[in-house]
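Summary of the model geometry
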Amino acid sequence: MTRTLFLGLDGATFHILDDLTRDRPGEGVVMPFLRQFMAAGFRAPLRSTPHPLTPPAWTTLFTGRNPGAHGVYDFMRVDDRQHEVFFTLYDFRDIRCETLWSLASRQQRPVVALNFPMMAPPPALEGSSLIPGFTPWKHLRRNMSPDGLYARLQTIPGFHPKELAWDFERENQIGEDMDSDYLAAWIGYHLPREELWFQVARMLLLEDRPALMAVMFDGTDKIQHQAWAYLDPDLRPAQPDADWLRLRALCLDYFRRLDGYLEELIRLAGPDTQVFMASDHGFTASRQVVRINRYLAELGHLHYREVGDSDAARRRAASPFAYLDWEKTVAYCPTPSSNAILIRVAHEPGQPGIAPADYAAFRARLIEQLYALRDPDSGKAVIRAVLTREAAFPGPASASAPDLTLVLADYGFVSIRNLDPVVTTRPVPTGTHHPDGIVLAGGPGIEPGWHEHALPIADVAATLLHSLDLPIPADLDGRVMTAAFSSTFLAQRAVRSGPPTCPVKDGTLQDAAIPAADRDKILAQLAMLGYLEE
């Protein structure tokens, strides 16, 4: 039987869900099932990782370990070879600790886990099925486990991997023009995709009855990135025009359908199943553009080569690294999604970077300079926090963390383009990640009510293990969310400590999960969502 159902809602925030679960004039209740579920169950804000980004946050959720332990910090991993810098995509082989899926499977709790990022290529787990997210459709078959699972999916009426995974050609066609028709197509693109993930989850839930059924819906995040102005109740215009109403209606259609998927999966799991929902981070509005590499250049820490006197050269100079001088640059931000600053250290004579002995003093001075950056209009600081790697990401993987991680005043992503001015205001607020997401729970043994204080995202893995009646490994960073369970349930099932997680082998054991050509297409799609800049 299915003991535990976990429904991931990428980027979900109470700011939007509370609005969609109330009765609004002319719209009614968009998500009536979720309204009922929240009213009858447990709910609390869920505090994301120090930098609330999809790869580190979901990896923390399904490992119960913080980034300093699991080692995933961004979509892209930077390989700085002093005179050259290379970028590669993180994948499952970069995760340095055991996952929830493995912990449950090796203790006779079969798992189905669908659409979670950083899971390609997935491991083979006894009795369990894994289908990763963020995978090109052409490579979906060989990036799922076990063998034979793809053939089972083909029995679903209307199944096609282009609908389930990323179809880059189709998304590129949608993204050619950033107007209201583009947004309408972007929202519409996610409807059949979420429908097929639901159909896959439905089939595997009914046929396999795993102890832990887990599926992540990511249209919530993608639509909020592109259509935040049509969802945020604080941004609703006094007199909405026809375009605004049309795009708002399309957004609401997505959330109505999502509400139906949640209701049906919970019904199929049965009344004896404990149900949990969580997001990897929340969402909010970003109103500023902070061009951090341009600021580092003005400080003298980053250097660009001279730009040629032609339109083509000037266009190329607008890209992040086309004219960056790696011989002179000592600090730079690699991607907008990272909000990171990497400090280059010369470990041998003749290498670019600062001397190792100067690192602490240089970093301290740079932190002061970052806090000094102001909005020219308001005079207010644009950076609310500068996190050092040892403070934000303690653990065995801390050395691979960014030297500094920036938290902007409005929680936005930085820009890494070489453009003036350093700080400017967006013409229209855009959706960005907020550190507080959501966690909900319902079913037998769950204590209803609102928990005011944010719970750490690492607690989700421990809580799901406890729901599965498994001990909590001694080396997990997360703890069981005891506030989510009734006192009667906890009396009958006390939280148990167990041995540490199993060690994970280092090194690349398989061929690349995704060829270089398709990797470049993934990067293009991440750029469309604002995680990267070209």
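Refer to the structure presented above.
Keep in mind that what you see is a predicted model, and the values were worked out from it rather than measured. (Residues numbered from 1 in each chain as written. Predicted model: local features only at pLDDT ≥ 70, side-chain atom pairs only at ≥ 80, totals over all residues. Heavy atoms only, no water.)

Comments concerning the overall build of the chain
Within the chain one finds 18 helices and 19 strands. Computed over its C-alpha atoms, the radius of gyration of the chain comes to 23 Å, within 12% of the 24 Å expected for a compact globule of 534 residues. With respect to the three principal axes, the spread of C-alpha positions in the chain is 65 × 60 × 45 Å. Relative to its 534 residues, the chain shows a buried fraction of 59%. In the chain, of all internal contacts separated by at least 6 residues, the share reaching a separation of at least 24 is 72%. One way to put it: in the chain the 52 positive side-chain charges average out to a point 2 Å from where the 66 negative ones average out. (Helix = DSSP H or I, 4+ residues; strand = E, 2+ residues; numbered from the N terminus. Rg over C-alpha atoms; globule rule 2.2 N^0.38 Å. Buried < 20%, exposed > 50% of the residue type's maximum accessible area, 1.4 Å probe, protein only. Contact = heavy atoms within 4.5 Å. Lys, Arg positive; Asp, Glu negative; His and termini not counted. Charge placed at Lys NZ, Arg CZ, Asp CG, Glu CD.)

A look at the nonpolar core
Leu114, Leu153 and Phe217 are the most contacted members of the largest nonpolar core, which totals 68 residues. If you tally residues by element for this core, the top one is helix α9 (residues 180–208), at 14 residues. Residues contacting Leu114, with those up to four places away along its chain left out, are Ile131, Trp197, Val200, Ala201, Leu204, Met213, Ala214, Val215 and Met216. Membership of the second largest hydrophobic core comes to 52 residues, among which are Tyr73, Leu100, Ala392 and Val439. (Core = buried A, V, L, I, M, F, W, Y, C linked by side-chain atoms within 4.5 Å.)

With respect to the pairing of strand β9 (residues 282–290)
The element β9 is largely enclosed, with a buried count of seven among its nine residues. The pairing of β9 with strand β14 (residues 423–434) spans eight bridges and is classified as antiparallel. Each residue of the ladder has a partner; that of Val290, found in β14, is Val423. (Pairing = 2+ DSSP bridges.)

Topic: unusual backbone geometry
A cis amide bond links Ala120 to the next residue, Pro121, at an omega of -10°. Inspection of the secondary structure puts Pro121 in the loop between β5 (111–116) and β6 (129–132). Not every positive phi belongs to a glycine, and Phe134 is a case in point at roughly 55°. Position of Phe134 relative to the elements: it lies in the loop between β6 and α6 (149–153). According to the relative accessible area criterion, Phe134 is buried, its value standing at 15%. The phi dihedral of Arg209 is positive, around 45°, even though this residue is not glycine. Residue position: Arg209 is located in the loop between α9 and β7 (212–217).

Everything listed here is a matter of coordinates, which is why it stays silent on function.
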